[in-house]
Amino acid sequence: DDDGDDDGEESDAAAAAVTADGNAEQVAVVVGGGAHNAKKQPMMFDSPRDVLTRDCSTLSFATISAEVSASSSNTLMNGDGDEESGEVMSHKKNRNLLRLKKSKARKVWAWLRPRRHEHTCGLTSFAALLRYRTPANLRDLKWVTSRLGGLVFGVVIATLYVGVAGSLQPKPIMDTTALLFMLAILPAYAAAGYMPSLIEERPLFYRERNDGLYAVWSYLAYKFVEEMIVAVPVSILFSVMVYYAAAMSGSVFYMIMCMLATTMTGVQLAYLVAVLAPTMNAANTILPLTVTIMLFFTGLLRSVSDMPIYWRWFADVSFVRYTWNGLMLNQFGPGGTTPENPTWLPTDKGSGVLDFFELSAASTPGKWMQFLYVSLFGIAFLLLTWLSMSHVRHTTR
């Protein structure tokens, strides 16, 4: 019996690991099916990380391998019921994986995102766009004809209102105010022809901007100058045609500048709508709707003082109102029709045309201030377009 017990105990014997100094240290190694009888020896390493922190110079490779394997199995598999250690290791593993994913994501983003020094110089890219794209657009019949709508309006107005502004009779004066009203709102409506180019170029803009070819301000500056190349001659021809055909008074130079400022402000509004609208159909709905609402607040259809107080603020942000005010002051104000501010109808506001429409010199800034207001609206729309193009994206690369 004693021999049988000895044989049973020897079936689960421990293997000897010999150190570098020749000293024998016992390491428990499970052999065959007698693992349940094996006595667990003290662990030299609590975890695999301890191998890196303990002095292992006196241990053999076999000893280190056996201890690391045993400690890893004990911690990860949790065979001895140490649930807390398993949860800790699982948490650490997940945290390390998350850190690895974040690190890879940062590297990918840093590689894809155009760095500041990778952008072409702003002035260089602006000059390149103006040099190569503008001539191509000017040779495009579709692009040019969409910007010549003002000349069509000019021909119609010049032939319809022949000599009407030269009379001081009440009816011709009424027709003249209506004519100036149409001159104020037509450039805003005509700006709808400028939206397709920006929407059609949207995928190209996203790709070239991601590649670092130019900054947003370079692209907008190029578009502004390109539109000015067409808007200047069109505004001059339109203004001269209507001014002399309708026998208008005041400064023809002011009328040219006012129409040019209104046209470019309308273009910037159209660009802003094109950037914010997800589709062309949405842009074609938003812009005419906005301009139509603005025309109700010019001061002709209803005076600003008679508007409900909760609507008066919109009259202040309607840029076409300032265009009409400036044209009225140019026609009926100082340097305009003789006598200045001709008699309209005696009212409590006065008997002159400007008094009737609440545009008297005492209550209204001069015509050049009206021109400045329109120009400031154009600058504001341009800045809003720049911010929108920098942060709003409807498609991905």
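Just so it is clear, the model here is predicted, and its values are computed rather than measured.

### Focus on the packing of helix 11 (residues 216–245) against helix 17 (residues 367–391)
Link 1 in the chain: Running from N to C, helix 11 and helix 17 cross one another at 135°; their axes reach a closest spacing of 10 Å. The angle between helix 11 and helix 17 places the two elements in the oblique class. For the element pair helix 11 and helix 17, the recorded crossing hand is right-handed. On helix 17, the residues that touch Val216, Trp217, Tyr219 and Leu220 of helix 11 are Leu382, Thr385, Trp386, Met389 and Ser390.
Link 2 in the chain: Of the residues contributing to the contact of helix 11 with helix 17, the split by class is seven nonpolar, two polar and no charged.

### Details of the packing of aromatic side chains
Link 1 in the chain: Scanning the entire structure with this criterion turns up 19 aromatic pairs.
Link 2 in the chain: For the ring pair Phe319 and Phe381, a centre distance of 6.1 Å and an interplane angle of 80° mean the geometry is edge-to-face. With a gap of 62 residues between them, Phe319 in helix 15 (residues 319–332) and Phe381 in helix 17 connect regions that are remote in the sequence. In terms of burial, Phe319 and Phe381 fall into one category: buried.
Link 3 in the chain: Taken together, the aromatic side chains of Phe205, Tyr206, Tyr214, Tyr219 and Tyr222 make up a single cluster linked through ring pairs.
Link 4 in the chain: Stacked on the ring of Trp143, the Lys or Arg Arg147 has its end atom at 4.0 Å from the ring centre.

### Comments concerning unusual backbone geometry
Link 1 in the chain: Here the phi dihedral of Ala247 falls at roughly 55°; this positive angle occurs in a residue that is not glycine.
Link 2 in the chain: Secondary-structure assignment places Ala247 in the loop between helix 11 and helix 12 (252–276).
Link 3 in the chain: Phi at Glu358 is positive, roughly 60°, even though this residue is not glycine.
Link 4 in the chain: Locating Glu358 in the fold gives a position in the loop between helix 16 (353–356) and helix 17.
Link 5 in the chain: Taking relative accessible area as the criterion, Glu358 reaches 25% and is therefore assigned partly exposed.

### Here's the deal with helix 7 (residues 149–160)
Link 1 in the chain: Over its twelve residues, helix 7 runs 17 Å from end to end, which matches the ideal 16 Å to within 8%, given 1.5 Å per residue.
Link 2 in the chain: Packing partners of the buried residues in helix 7 comprise helix 8 (170–190) and helix 11.

### A word on the side chain of Ser318
Link 1 in the chain: Structurally, Ser318 is set in the loop between helix 14 (312–316) and helix 15.
Link 2 in the chain: Among the residues examined, Ser318 registers a relative accessible area of 0% and is labelled buried.
Link 3 in the chain: Not counting residues within four places of it along the chain, the set of residues in contact with Ser318 comprises Met294 and Phe297.

### Description of the nonpolar core
Link 1 in the chain: With 71 residues, the main nonpolar core has Leu183, Met248 and Met328 as its most contacted residues.
Link 2 in the chain: Residue contributions to this core peak at 13 residues, all from helix 12.
Link 3 in the chain: Once residues lying within four places of it in the same chain are set aside, the contact partners of Leu183 are Ile157, Phe238, Val242, Met248, Met255, Met259 and Leu327.

### Regarding the pattern of salt bridges
Link 1 in the chain: Enumeration according to the criterion identifies seven salt bridges in this entry.
Link 2 in the chain: The salt bridge partner of Glu208 is Arg133, with a shortest N-O separation of 2.6 Å. One end of the pair, Glu208, is in helix 10 (residues 202–210); the other, Arg133, is in helix 5 (residues 122–138), and 75 residues separate them in sequence. The burial state of Glu208 is the same as that of Arg133; both residues are buried.
Link 3 in the chain: Of the charged contacts, one joins Lys223 and Glu201 as a salt bridge, the two residues approaching to 3.6 Å between their closest N and O atoms. Of the two residues, Lys223 is situated in helix 11 and Glu201 in the loop between helix 9 (195–200) and helix 10; the sequence distance between them amounts to 22 residues.

Parameters at a glance
Residues numbered from 1 in each chain as written. Predicted model: local features only at pLDDT ≥ 70, side-chain atom pairs only at ≥ 80, totals over all residues. Heavy atoms only, no water. Axes fitted to C-alpha atoms, helices over the stretch in contact; angles between N-to-C directions. Helix = DSSP H or I, 4+ residues; strand = E, 2+ residues; numbered from the N terminus. Parallel < 35°, antiparallel > 145°, perpendicular 65-115°, else oblique. Left-handed = near helix turned anticlockwise from the far one by under 90°. Contact = heavy atoms within 4.5 Å. Nonpolar A, V, L, I, M, F, W, Y, C, P; charged D, E, K, R; others polar. Phe/Tyr/Trp six-rings, centres within 6.5 Å; stacked < 30°, edge-to-face > 60°. Buried < 20%, exposed > 50% of the residue type's maximum accessible area, 1.4 Å probe, protein only. Lys NZ or Arg CZ within 6 Å of the ring centre and 35° of its normal. Expected span 1.5 Å × (residues − 1). Core = buried A, V, L, I, M, F, W, Y, C linked by side-chain atoms within 4.5 Å. Salt bridge = Lys/Arg side-chain N within 4 Å of Asp/Glu carboxyl O.

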